[in-house]
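Per-entry structural report
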Amino acid sequence: MSSVKVAVRVRPFNNREIGRQAKCVISMKDKTTAIQHPKQSKDVKAFNFDYSYWSHTNEQDPNFAGQSKVYQDIGEEMLQHAFEGYNVCIFAYGQTGAGKSYTMMGKPEPRDQQGIIPQLCEELFDKIKTQESKDLQFSVEVSYMEIYCERVRDLLNPKNKGNLRVREHPLLGPYVEDLSKLAVTSFNEINTLMDEGNKARTVAATNMNETSSRSHAVFTVVFTQRRHDEMTDLSTEKVAKISLVDLAGSERANATGAKGDRLKEGANINKSLTTLGKVIHALAESSQSGSKKRKKSDFIPYRDSVLTWLLRENLGGNSKTAMIAALSPADINYEETLSTLRYADRAKQIVCKAVVNEDPNARLIRELKEEVMRLKELLKSEGLADLVESPASPSDGGQRIMTPRNEDAMEQLRASEKLIAELNETWEEKLKKTELVKQEREAALAELGVALDGTGTTIGVCSPKNTPHLVNLNEDPLMSECLLYYIKPGIMKVGSTHADIILSGPHIRDHHCTFESREKNGEIIVTVTPEKSATIFVNGKTVEGPLLLKTGHRVILGKNHVFRFNHPEQARQEREKTPSTETPGTVEAQLGEPVDWTFAQMELLEKQGIDMKLEMEKRLLAMEEQYRREKEEADQLLEQQRLDYESKLQALQSQVERASLLSGCTTPEYSTDDEQGESEPSWTEKEYQLAQWAFIKWRYHQFTSLRDDLWGNAIFLKEANAISVELKKKVQFQFVLLTDTMYSPLPPDLMPPDVASDQPYPRTIVAVEVHDLKNGATHYWTLDKLRQRLELMREMYDSTAEMTTTSAADCPVESLTGGDPFYDRFPWFRLVGRAFVYLSNLLYPVGIVHRVAVVSEKGDVRGWLRVAVQHVTDDDAPDCTGGVCQTGTARIAFNQEELQKKIDAENEAEANIPSGEELRIVEGQGNGTDDEEASEASAAAAAAAAAGGDGQKTPAEEEGEEEDSWVQFMKEHPHLKLGTTFTFRVTLLQASGIPPEYADVFCQFNFLHRHDEAFSTEPLKNTGKGPPLGFYHVQNISVVVTKSFIEYIRSQPLVFEVFGHYQQHPLHMQAKEEVIMQRRMPRTFPQSLPLAKPVPSPRHGRVPTTPNLNMTHCSYDLLGWWEICELGPSGEYIAAVVDHSDEKPCQGVFMLHQGIQRRIRVTLVHEPGQDVVWKGVKEVVIGRIRNKLEVKGPDGEVSALSLNICSQGYLYPPHDLRVFYQFEAAWDSSLHNSKLLNRVTPYREKVYMTVSAYIELDNCAQPACITKDLCLTIHSRDARLSQPRSLRSLFGSGYYRSPDSNRVSSVYELSLKHSSPEGSPGVQRRRRRVLDTSTTYVRGEENLAGWRPRGDSLIFEHQWELEKLTRLEQVERVRHLLLLREKMGIVSGEEGKEIRWILGEGDDDTVDRQITLLDKCLKLWSMEPLQLYVEDTDVDDDDDDDPAGMIRSVSTPVLSSTLVENSPQHSPAKSPVPPPPLGAADSEGPLPEGVAVPVLPPLPPDSTDDNPDYQALYIPAVEEIRVSPVVSRKGYLNFLEEKTSGWIKRWVVVRRPYVYMYNNEKDPVERGLINLATAQVEYSEDQQAMLKTPNTFSVCTKHRGFLLQTLGDKDVHDWLYAINPLLAGTIRSKLARRAAYLRI
């Protein structure tokens, strides 16, 4: 391999440059070329090349490099490579008029002005004349072509005036079809052809060059050397291809003044040179990567241009390549010259792999002959010439002493001559050798008993001719005599391990017996010797010692392995002894029956004295007795079940009768109590505030309206996308949620008209996000605008369909519709993001330099701004140094009423919210009824608070206190005196981190309420590299101090908006001919498979599955095991094999056989409880047969099948206290009439289906529905299926193959909720049915490629975006406060001064309340955790100080924010206080002060303990729980459960909020679980000391307790941290305190 040689050459000034008084910016020293920036003298860039030629001056300059110098360095070396057989290429590159053609062609006269091409051709023929001989012949062919406007022309053949086609051959590579290749014999001939080609070449005059080459010229010389070897009579040849390329120069249209054809030519030249640059860049990158694996990005774009396609081998393949870069010295061409230098510097890194072009076989023979001649010369020099002449029998070989060096030389000589002989061997001799080897192999295989046919193919096994052997006998005649065991001479061992013959079975020992084969008296005899206590029978008799075997003996090893011993020699001797006329002396003839497996078994029984008839009679009697006993037990069980069912029917009948009697009785006391209960409650002031806050939140925070908009308008969105795809508009539509926040304010055209000005919460609307892929823009439409545009889209679609082909060209669509409804105008500058700078430092004479984040509307940080804010006095002079220039002073007037109204509206909601609540919520808009109810309730609550509140101040008192606070403020802040003029300065310093796709970046800032008065900077070029963008924009702002201005700088920020020209939109890469709609996957809740929805019942219809918002009575965790059983050969149903090899979306893949009866078996496992009593399975339904994870189409279009219930009932496993309920249903897959189930599943395809089981419970009004998605594959009926083994299990200690692992598991949460006929208005509204149009078919929907409109998941994603924006806003505010605090400490030295004005925005009481709340939080953090129980009640108070008793008993519930949200015990329906909004942080602390916990109303008399016959009916709700992918910890733990003796070792995996238990590490099925949300973890040292078991802790659930023990001391804390981090931290803290106490 060799790199490309690169040379640079600088020419003198031309007339154009002399006329413009150009200066030279190029300097050269040795191999270094430097270029100086014409405007910045210190900016000098240096490059190192192989050659640097200074041709700027004349020949008198000692550093001047002429044409001969260039040829001597490059041309002679390349010509020498051509004679060696390498391909050679020289090409010149540079801008137009840089001297490329002069370097390559030169001038014909004088001779010292000739270029590289003439000189190389002339010296080529000179060398040919000197080297040509009888054995060496030369031939030369030339071709000359030009590439003009991406078309190839032949310059040597005047007939080929048209364009030639470029083709590619698999072996020859790219070539030009019909290109003339002319043979030449002298330099004069080649010079004539060269001159003719130059005359035919395309040239033209431009402003930069009078004879500018308008095409690329390629002059090719094919040089062939033919050599004949007289010794071997072989002819070899070397072919060298010399490519001499004169490239057209790159040019700029404004510099060359090209127009018309010249402009088109220049465009094509630049295109081909750009492609050449890409190829060189890609080749350099691949050369730098070395031997690394080639990536997809390493693709070399040869085919993008004809030039690079034809020069593919020369650029990066089999060629020795040199590049000459022609440079212009003028400063006016600085940019082009610098680009050429960089171009050449990149080309240095290309590595070519050139090889000699000759026959490899001939080259090998030539090299071997040279090696032989060298060795002969070596031996002759050592005086061993006679050995060289006849190495086989030297004359004095016995007396000659050979040195090690001579011996090595002789050995190498023999090896080389042998290789030459093999290479010169003819084909006929090779065939004879092959035939001889074949005959020897057939003879050896025949001796081993392998039969071959005439072609040498193995056709079977035959009996060996000489070797004794054992042949197997089997019960199946077809399996007999299929195994041969050769008994070779010597001793052969037989056993189950480490033996010559390995057998398996229950009666085969490790070392069972030995066979000894030896020769005695010229005859081979075989003796069998059993090992101690080994079972061996020969001819039915037990063998206890060595026994001589004869041919035909029956040998039984163990109980199952039956063989017949064959001795070919003995059999041959017996046949020779027996006359041919008599019966042959075989064993079958002697015994009169065939010797097979049956014969050997009968012989064994007879010799061992076993009577088969008597044995069969005994077994028959035993089986009859067993059948009688089992029949009696079944009859007793059936009678018991009949009695149980009769008792249950009687109990139900009596219950129905009592219920019918009670339904007719009414008690007047109930109505009286209800009327009394509606009296006005006596609420405190804070309870009224809490009620008012609840109603305001209920009014403005509605998810239902958002969901209604998404579901109701989905059909319009789908239709718009379908029309866009059919009309090829490259526009796609999708739903989006937009919220009016500080970072993402809604524009006026998107703001709904019905939004109240005093709305306390920001408004969220459903909009349509329009992706304009054609222009790379994104727009937002309202739903009304979507409907309006959709009407125009329909008109355009209909008009396009009606127009004919001829009329479509004359009448555009826009003229019919009045404009294209798919596109909108987009601005040149687009918003990058917003930043906020708070002005609290202006309250004090402190200047601060802020570094604030530029945040986009989606919450992504797109850069940073450095902004300085400071107070300016009259003495301060404007700063105009360092590039900072003041723009003047702006006078701003703050309108007291407007600003105060805005601030009061924003603070009103915060004042009404109780402390500790944090609101970040996606809001909608309720209907008019809800607004009126909320307004009335709010007014009533306010009136009640005003009437019943105690200690409230009058308005006059409040106004007086406010005036006093302002007077105090003026004393502390004299520079902010009301009515005076206050001036401050805002300096926008720098912007950093702005994405490079935004060019021409500028920034503007304004006050929140003054959007019309914005201060803007000048646009700056943004490249994304180098130093930050320096705006250095100073703006002085003068304001008349008012109360509204002071309130503003205390709480409100300045808004900075960064804009830029979006020049590289990411959607440009998606603008293809066909727009492929793909749904964006959610970021916050990724799920591999959506939760399965119940399949509707064909018999009973759809069971109501809407969420029940009533109170939850109890909840249970269900563990479900799903099995698919197939009918086995024994008539029993066996569980099908399940593939657990990878992380499957359905926890496993069932591998089923085609055409076999099946059953679905489901087992439900849960903790015992009196509330859950399974009554029976109502129905099992299978539907939604598909081959994709997602469910497409409504249930009505997919076949659903109801299965017949075969069996159901409880199971009672030993030593397990849990409840096991199992049922089976028969499944005939052919009734689905689905091709997915009636065929063998193709490779890499899966079949998915949904199974729903409707199960009735005793105390529930409707059945519980348990649903599971199953994944399966169908295989052929006779396929042998087994569990696939992964690589990890293959190289590990084995894999789990337990029969009960052929199942998949699932986890459910069963909640029993109270049934109430009616609820609150909010509950009734959430229960109403909403028309979902997302599944409605529209015309052209099939072209959307699976695209779906966004649904409920969009709300959760937007919730996370709002959460992120809120946190970013809080971070900026806290960063400002911390910076101000630090700055104040530096300036004034008083930390914490004016903390009330920094931390709070309200009055002193509010700040005091916040400080008090902070103190409480700190006290709670420093307190010890609350002990839920005390083991020893007699402990004195003094024991608290004893460090030894610090960790006597620690117990805390496992609670976290995640668990509280998912736990049913913390549902909003059960919370006495209105819950925080979705997305807000859950609070586990005490209730707000003054909030009363309401008392639940008393139960009716029938539900009390006085009436035991009363039984409440509940509504079951079953929810499937997805297994969390995050593993907190896994490993082995020892379990000690209730009512069990001894520890049980189990594999445990903690996936919060559940702990999953397995049998071992390889077990793929969950065997049990613990819900950490309802469990309590306890750790006690006293308990460990009492049980004398270290490293233990207990986990208590609602139903049972577990005592767990870790395997090591260090694992206790890790397991506790994984299960309960709070408890682990408490224990670690107490241990540290005890250790510190002991040290003291």
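It should be noted that the structure appears before, not after, this text.
Here's a quick rundown of the structure. What you see is a predicted model; the values in this text were computed from it and never measured.

1. Considering the pairing of strand β35 (residues 829–838)
Of all 10 residues that make up β35, eight are buried, and the element is covered over most of its length. As judged from the nine bridges shared by β35 and strand β43 (residues 1053–1062), these two strands associate in the antiparallel manner. Among the inter-strand pairings, R834 is bridged to a residue of β43, identified as E1057.

2. Brief notes about the sheet that holds strand β28 (residues 541–542)
Taken together, the six strands give an open sheet; going across it, the order is β22-β21-β31-β30-β27-β28, and neighbouring strands pair in antiparallel fashion. The open sheet has two free edges, formed respectively by β22 (484–486) and β28, since each of these has just one partner strand. Bridge analysis of strand β27 (residues 536–538) against strand β30 (residues 554–557) gives three bridges, and the strand direction is antiparallel. For F537, the partnering residue across the bridge sits in β30 and is I556. Running at roughly 75° to β30, helix α17 (residues 597–608) makes contact with β21 (469–473), β27, β28, β30 and β31 (561–566) of the sheet.

3. So, the packing of helix α2 (residues 67–83) against helix α4 (residues 116–131)
Close contact between α2 and α4 brings their axes to 10 Å; oriented N to C, the two are set at 45°. On the basis of the axis angle, α2 is oblique to α4. Crossing angle aside, the handedness with which α2 passes α4 is right-handed. Taken together, the residues of α4 that come into contact with α2 (itself represented by Q67, S68, V70, Y71, G75, E76, L79, Q80 and F83) are I116, Q119, L120, E123, L124, K127, I128 and Q131.

4. Looking at helix α37 (residues 1611–1619)
All buried positions along α37 are accounted for by V1612, W1615, L1616, A1618 and I1619. Projected down its long axis, α37 shows its buried positions confined to an angular sector of 160°, all on one face. Structurally, α37 contributes buried residues whose contacts are with β57 (1529–1537), β58 (1544–1551), β61 (1576–1579), β62 (1592–1596) and α38 (1621–1639).

5. What to know about the sheet that holds strand β29 (residues 547–549)
The five strands lie next to each other as β24-β23-β25-β26-β29, forming an open sheet whose pairing is mixed. Looking at strand neighbours, the two that pair on one side only are β24 (501–502) and β29, the edges of this open sheet. Pairing of strand β26 (residues 523–530) with β29, which is carried by three bridges, proceeds in the antiparallel orientation. Paired with V526 across the strands is L549, a residue of β29.

Analysis parameters
- Residues numbered from 1 in each chain as written.
- Predicted model: local features only at pLDDT ≥ 70, side-chain atom pairs only at ≥ 80, totals over all residues.
- Heavy atoms only, no water.
- Buried < 20%, exposed > 50% of the residue type's maximum accessible area, 1.4 Å probe, protein only.
- Helix = DSSP H or I, 4+ residues; strand = E, 2+ residues; numbered from the N terminus.
- Pairing = 2+ DSSP bridges.
- Contact = heavy atoms within 4.5 Å.
- Axes fitted to C-alpha atoms, helices over the stretch in contact; angles between N-to-C directions.
- Parallel < 35°, antiparallel > 145°, perpendicular 65-115°, else oblique.
- Left-handed = near helix turned anticlockwise from the far one by under 90°.
- Arc of directions from axis to C-beta.

Honestly, it's all geometry; don't read function into it.
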